[in-house]
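Listed here are the chains, written in short residue letters.
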Amino acid sequence: MVSLKGKTVFITGVTSGIGKASALAFAEAGANLILCARREDLLSKLAEEIKQKFDVKIHAVKLDVRKKNDVNKMVASLPAEFIKIDILLNNAGLGRGLNKFYEDNPDGWEETIDTNVKGLLYVTYAVLPQMVERQEGHIINIGSIAGHEAYPKGAVYCASKHAVNAITKSLRMDLIDKNIRVSTIDPGLVETGFSMVRFYGDEEKAKNTYKGLTPLIAEDIADAVLFVATRKPHVNIAQMVVFPTAQASSTLVHRNG
Ligand code: NDP
Ligand code: 8X3
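Predicted, not measured: the structure shown is a model, and the values here were computed from it.

Caption draft 1: Structural context of the environment of Asp-55. By the element assignment, Asp-55 lies in the loop between helix 2 (40–53) and strand 3 (58–62). The class of Asp-55 is exposed, set by a relative accessible area of 79%. Separated by 38 residues in sequence, Asp-55 and Gly-17 place their C-alpha atoms 22 Å apart.

See below:
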């Protein structure tokens, strides 16, 4: 295992779920953090919590990854001590609605594609040049099992995560001679804020997603992220699919009762 002490890790979408758990896990491992999300109050709260618990440096910035100019400005104006980014964790993402395509609301498609695909591209494009120049770095994308298998009522979310899968693979090819690792971690059902967002705050629908099984929790995926990030430099975990034990595919889930 390679030490992360003193490394700089940039994580998108840290105010909830997998991003938040990963921020805490990287901080515990001694990494300095660049953190972003849109909800400023939660962002400040997390930055404070990390500063209280761990002796690491934090640069927390309110950022909507869908806004290309803001992404570029944010990366261009990093304080000197955060300029050299060792690891980028592209985590910010969402799904909107779970409806048959012809009954779905196109507004949700824009949000999903703009965040999961275009946001990931903007952030990666802003960060990569310095990694290419230094010939070192690691991009870790949070994909999904939805990037491997389509499922009913998930056309646009599945398409967005298939795109993440394709982007990850192409990037790895484009960076083959640059000593830069590109990985994707593709979870199944993780109980986070994801379903509350997907169902526009409908708590019952959100809870039902995980009913009758023990889902993954955000810390399980943070654990996987840390594993991927701490392999020796010649080892690239290209793709890691992580399911709860009671899930075998997007559509095959064993529920009790
Ligand atoms: P959460 O809803 O708990 O967290 C999502 C995070 O993304 C929040 O911190 C949110 O912050 C941030 N975010 C959303 N949109 C933007 C944006 N435009 N700009 C910046 N930050 C944004 O969900 P998860 O932790 O579950 O989701 C994290 C990733 O994991 C996503 O990519 C998701 O697709 C993926 N995933 C989730 C699975 C699950 O079952 N939960 C399974 C497989 C993959 P804020 O609202 O403050 O901006
Ligand atoms: C989120 C998990 O199964 O709802 O990526 O697509 S799922």
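Caption draft 2: Highlighting helix 1 (residues 17–28). Along its 12 residues, helix 1 runs 17 Å from first to last C-alpha, staying within 8% of the 16 Å computed at 1.5 Å per residue. Burial analysis of helix 1 places 10 of its 12 residues in the buried class, the great majority of the element. For helix 1, the full list of buried residues reads Gly-17, Ile-18, Gly-19, Ala-21, Ser-22, Ala-23, Leu-24, Ala-25, Phe-26 and Ala-27. After helix 1 finishes, the residue Gly-30 shows a positive phi value of roughly 95 degrees.

Caption draft 3: Structural context of the side chain of His-138. Within the element layout of this structure, His-138 appears in strand 5 (residues 137–142). Judged by relative accessible area, His-138 falls into the buried class, the value being 2%. The residues contacting His-138, other than those within four sequence positions of it, are Asp-86, Ile-87, Leu-88, Met-131, Ile-180, Arg-181, Val-182, Ser-183, Val-228, Ala-229 and Asn-236.

Caption draft 4: Representation of the packing of aromatic side chains in the model. For the coordinates displayed, the defined rule picks out two aromatic pairs. Consider the rings of Phe-101 and Trp-109, whose centres lie 4.9 Å apart with planes at 10 degrees: the pair is stacked. Positioned above the aromatic ring of Tyr-157 is the side chain of Arg-198, whose terminal nitrogen or guanidinium carbon lies 5.0 Å from the ring centre. Taking NZ or CZ as reference, Arg-231 lies 3.8 Å from the ring centre of Phe-227, over its face.

Caption draft 5: Quick look at the nonpolar core. Ile-11, Phe-26, Leu-33, Leu-35, Ile-50, Ile-185 and Ile-221 are the most contacted members of the largest nonpolar core, which totals 38 residues. Those elements giving two or more residues to this core turn out to be strand 1 (8–12), helix 1, strand 2 (32–37), helix 2, strand 4 (87–90), strand 5, helix 8 (218–229) and strand 9 (239–242). Broken down by element, the residue count for this core peaks at eight residues, all from helix 8. Each residue touching Leu-33, except ones within four places of it in the same chain, is listed here: Val-9, Ile-11, Ala-23, Phe-26, Ala-27, Ile-50, Lys-57, Ile-58, His-59 and Phe-82. Among the nonpolar cores identified, the runner-up in size contains 27 residues, and Phe-10, Ile-34, Phe-82 and Val-164 belong to it.

Rules of the game
- Residues numbered from 1 in each chain as written.
- Chains lettered and ligands numbered in written order.
- Predicted model: local features only at pLDDT ≥ 70, side-chain atom pairs only at ≥ 80, totals over all residues.
- Heavy atoms only, no water.
- Helix = DSSP H or I, 4+ residues; strand = E, 2+ residues; numbered from the N terminus.
- Buried < 20%, exposed > 50% of the residue type's maximum accessible area, 1.4 Å probe, protein only.
- Expected span 1.5 Å × (residues − 1).
- Contact = heavy atoms within 4.5 Å.
- Phe/Tyr/Trp six-rings, centres within 6.5 Å; stacked < 30°, edge-to-face > 60°.
- Lys NZ or Arg CZ within 6 Å of the ring centre and 35° of its normal.
- Core = buried A, V, L, I, M, F, W, Y, C linked by side-chain atoms within 4.5 Å.

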